[in-house]
Amino acid sequence: MTVLVLGGTAEARALATALGAVAELSLAGVTQKPLAQAHRVGGFGGVKGLTDYLGAKGFTSVIDATHPFAAQMSRNAYEATLSLGLPLLRLERPPWASEAAWQKVPDMLRAAKAVPTGARVFLSIGSQSLEPFLQRDDIWCLTRSIEPPVQVPPRGDVLLQRPPFALAQEQALMRKHSISHLVCKNAGGVATIAKIKAAEVLGIQVIMVKRPRLPAVLTVETVAEAVKWVEKLGE
Ligand code: NAP
């Protein structure tokens, strides 16, 4: 029995470690120096490529442990496993509980539209989601990501940092740059929650991008539950 674990999250790394030799971890190759153990790297080539890969290597199940915003990969995993009749599990950390004070938006385009002229914005959205902000020369942006962005907003600073982040560190950063708005994705988890708490303490407006809608598949929230699912399949 072999399990393909679609990664890109800390949970995927922990799951692949827990499953050991029965699992292969797959990463997109976005991060230059991933923290992950042994893994394969790179896209499969859409649904067709993934279907072929699963078939050729004889995988018996797939666990989609990609980031909650990696919607394309999740859709591809759904289509490919459906066509092959393979069991698919989604490992997804719960979103942060919605706060009344947040301005909630459905996507990054709406997030950019919600930022008023003259704002000093902390963009904590990763290096690949900046497009809607690239034409905004009427705002100042502090852009933080693990990987260097290819293009950045016309006015602002870039910070290359890898989570986790502490509350005191986030507060100091937002104060230093006189941030008025925080734009982020509802990623959930503990590694990046400090920015939300810091914004709340400092009275900074939070613009929260909601998670994309994904195919309805069996979903668990913890690595332990995902391991149990694999064990059950093997019984
Ligand atoms: P995406 O839009 O869903 O995926 C784009 C393409 O990247 C997929 O169609 C696939 O290419 C390839 N890909 C994605 N995840 C892969 C994996 N685990 N193994 C092999 N190929 C993969 O995803 P994304 O938003 O660009 O994110 C890319 C990776 O970064 C994901 O693994 C995700 O978990 C991680 N990540 C994303 C975010 C975020 O905010 N989006 C944040 C943190 C980490 P093919 O179609 O050629 O197979």
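Residues numbered from 1 in each chain as written. Predicted model: local features only at pLDDT ≥ 70, side-chain atom pairs only at ≥ 80, totals over all residues. Heavy atoms only, no water.

Peer 1: For the site of the ligand, give the residues involved together with the corresponding values.
Peer 2: Taken together, 23 residues sit near the ligand, with Ser26, Phe44, His67, Met73 and Lys185 positioned nearest. In this structure, Gln72 approaches the ligand through a main-chain N or O atom, which is 2.9 Å from an oxygen atom. When isolated, the ligand has an accessible area of 810 Å², and the protein chains bury 74% of it. Per element, the largest residue contribution to the shell around the ligand is four residues, and it comes from helix α3 (residues 71–84). (Near = heavy atom within 4 Å. Polar contact = N/O pair within 3.5 Å; in protein donor to acceptor, adjacent residues only side chain to side chain. Areas by Shrake-Rupley, 256 points an atom, 1.4 Å probe, with all protein chains shown as cover. Helix = DSSP H or I, 4+ residues; strand = E, 2+ residues; numbered from the N terminus.)

Peer 1: Which residues make up the pattern of salt bridges, and what values do they have?
Peer 2: Summed over all chains, the structure comprises nine salt bridges. For Arg93, the salt bridge is made with Glu11, and the minimal N-O distance between the two is 2.9 Å. With Arg93 in the loop between β5 (88–91) and β6 (103–105) and Glu11 in helix α1 (residues 10–19), this residue pair connects regions lying 82 residues apart in the sequence. Several salt bridges share partner residues, and in doing so they unite Asp64, Arg90, Glu92 and Arg211 into one network. (Salt bridge = Lys/Arg side-chain N within 4 Å of Asp/Glu carboxyl O.)

Peer 1: Can you lay out helix α7 (residues 223–234) for me, pointing to particular residues and giving the numbers?
Peer 2: Compared with an ideal rise of 1.5 Å per residue, which puts twelve residues at 16 Å, α7 spans 17 Å between its outermost C-alpha atoms and is within 8% of the ideal. Considered for burial, the residues of α7 that qualify are Ala226, Val227, Trp229 and Val230. Here the buried residues of α7 occupy an arc of 155° about the axis, which is enough to place them on one side. For α7, the exposed residues lying more than 90 degrees away from the buried face are Ala224, Lys228 and Lys232. Buried residues in α7 make contact with β1 (3–6), α1, β4 (61–64), β5 and β12 (219–220). (Expected span 1.5 Å × (residues − 1). Buried < 20%, exposed > 50% of the residue type's maximum accessible area, 1.4 Å probe, protein only. Arc of directions from axis to C-beta. Contact = heavy atoms within 4.5 Å.)

Peer 1: Tell me about the sheet that holds β12, residues and numbers included.
Peer 2: Pairing within the open sheet is parallel, and its six strands lie in the order β3-β2-β1-β4-β5-β12. Whereas interior strands pair on both sides, the edge strands pair on one side only; in this sheet they are β3 (40–41) and β12. Here β5 pairs with β12 via two bridges, running parallel. Directly across from Leu91, in β12, lies its bridge partner Val220. The sheet strands contacting α3 are β1, β4 and β5, and the helix crosses β5 at an angle near 160°. (Pairing = 2+ DSSP bridges. Axes fitted to C-alpha atoms, helices over the stretch in contact; angles between N-to-C directions.)

Peer 1: So what about the packing of helix α2 (residues 46–57) against α3? Which residues, and what values?
Peer 2: At a closest axis distance of 9 Å, the pairing of α2 and α3 adopts a crossing angle of 50°. In terms of orientation, α2 and α3 fall into the oblique class. Once α2 is placed against α3, the crossing between them reads as right-handed. Contacts between α2 and α3 pair Gly46, Val47, Leu50, Thr51, Leu54 and Gly55 from the former with Met73, Asn76, Ala77, Glu79, Ala80, Thr81, Ser83 and Leu84 from the latter. Grouping the amino acids of the contact of α2 with α3 by side-chain chemistry returns seven nonpolar, six polar and one charged. (Parallel < 35°, antiparallel > 145°, perpendicular 65-115°, else oblique. Left-handed = near helix turned anticlockwise from the far one by under 90°. Nonpolar A, V, L, I, M, F, W, Y, C, P; charged D, E, K, R; others polar.)

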